[in-house]
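# Coordinate inspection notes
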Amino acid sequence: MIITMALTAPVSTTTTLLDIAASLGLEARKTDDGAGADVVVVAGSIPRGELDLPGIVEVKEKHPAFMLGSREARPRVRTIVRVGDVEIGAGTPIVMAGPCVVEDRDELIEIAHAVKQAGASILRGGAFKPRTSPYAFQGLGERGLQHLADAREATGLPVVTEVMEPDQVEMVAHYADMLQIGARNMANFNLLKRAGMVRTPVLLKRGFSATMDEWLMSAEYLLAAGNPNVVLCERGIRGFDPAFRFNLDLNAVPHVKQVSHLPIIVDPSHGTGRRSLVGRMALAGIAAGADGVIIEAHPRPESALVDGNQTITPEELRKLTRQCEAVASLLAYTDAPLSMVAGD
Ligand code: PEP
Ligand code: MN
């Protein structure tokens, strides 16, 4: 049940609703409609007779299980997530770029300058890496986080990096501007709960065999634990064709825009696995309505320690960021095209 209050509703209505839900043994959370009015979501139903309270303007019984993340909870306003001074979901697609893995301090700073010059506004780089093989390079750990902080200092770019364990959330949040929860950890609910307890923005990647609802329920863990700063990332799902490492699922983008108010970006690097496909699929993601892209970039992709095959150069990135801007302005980058398809 999603209960929306008027802007002028007394605070007591919200607290009373939360008390009633608690007395009925129902989980409930307070959120807002994005325009300042309180919204209370309840996992279950409060009898109508108990809802005769001042300031309630709407009671929705029909809504997705991911209540806080749903359009029903925030029908008029989309969430904008601020990372440093970068706004994700505000209408201008943003580019996050950098190496798959942080390898070396000076090289990272070189890459950070190069991606900034190429038009990126957020630096990516893994310090804790979820590798398929236990024998593969696992990342520099906290030292890598320190290098990311140094690269931010040198360039002013905010940084996004992966956190893999609940107990590392505070430490990674200490260094980073945005926490990445990777595809392999999308359903690590203890990690989601901990990342929900900080206010640091979270980039939640879709698990490569996760359904839309499973992914949005993972986002719900973050929101329900108190962190409203969630950005979704479509990074490709498992297909049958070895020609591609993964298949970037662009259906996800307009779908998420229809059912959720959260911003969504795409990752065509992991979503294809091939550098020659990255540019076109990034543009396709923007055309599908994505709020940005995350791209693996390195000045010498062939010598990158991890994911070199899908890594582009800063020169290629520069062309790509210009093309993304061109596609976005061609579409006038509003929600208007999406409202035409709403209700499918
Ligand atoms: C990454 O961004 O380098 C990464 C490991 O991503 P994913 O979790 O999508 O595989
Ligand atoms: Mn990678």
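Look above for the structure.
Bear in mind the structure is a predicted one, so any value in this text is a computation, not a measurement. (Residues numbered from 1 in each chain as written. Chains lettered and ligands numbered in written order. Predicted model: local features only at pLDDT ≥ 70, side-chain atom pairs only at ≥ 80, totals over all residues. Heavy atoms only, no water.)

## What to know about the overall build of the chain
Using the following cut-off: Secondary structure elements are defined from DSSP: runs of H or I of at least 4 residues count as helices, runs of E of at least 2 residues count as strands, and each element is numbered from the N terminus. Our radius of gyration is a C-alpha quantity, and the globule rule it is checked against amounts to 2.2 Å times the number of residues to the power 0.38. Throughout this description, buried means an accessible area under 20% of the type-specific maximum (1.4 Å probe, protein chains only), exposed means over 50%, and partly exposed covers the range between. Residue contacts are counted whenever heavy atoms from the two residues lie within 4.5 Å of one another. The accessible surface values rely on the Shrake-Rupley method and a 1.4 Å probe; as for residues, cover is taken only from the protein chains in view. Under the counting rule used here, the positive set is Lys and Arg, the negative set is Asp and Glu, and His together with the chain ends is not counted. Charge positions come from single atoms, namely NZ of Lys, CZ of Arg, CG of Asp or CD of Glu.
The secondary structure content of the chain amounts to eleven helices and 14 strands. Here the C-alpha atoms of the chain give a radius of gyration of 21 Å, agreeing with the 20 Å that 2.2 N^0.38 yields for 344 residues. With respect to the three principal axes, the spread of C-alpha positions in the chain is 65 × 45 × 40 Å. A burial count over the chain gives 54% of its 344 residues as buried. A separation of at least 24 residues holds for 69% of the contacts in the chain among residues at least 6 apart in sequence. Surface exposure of the chain reaches about 14700 Å², of which carbon and sulfur atoms provide 52%. Charge-centre separation for the chain: the mean point of 34 positive side chains lies 3 Å from the mean point of 41 negative side chains.

## Some points on the coordination of the manganese ion (ligand 2)
Put simply, the rule reads: Because no water is among the atoms considered, metal sites can look incomplete, with donors defined as N, O and S atoms within 2.8 Å of the metal, or 3.2 Å for Na, K and Ca.
Every protein donor of the manganese ion (ligand 2) is accounted for by Cys100 (SG), His270 (NE2), Glu296 (OE) and Asp307 (OD), and the metal-donor separations fall at 2.0 to 2.4 Å. Going along the chain, you hit the donors of the manganese ion (ligand 2) in the pattern C-x169-H-x25-E-x10-D. Placement of Cys100 in the loop between β7 (94-98) and α2 (105-117) and of His270 in helix α8 (residues 268-272) is noted, with a sequence separation of 170 residues between them. What makes Cys100 buried here is its relative accessible area of 3%.

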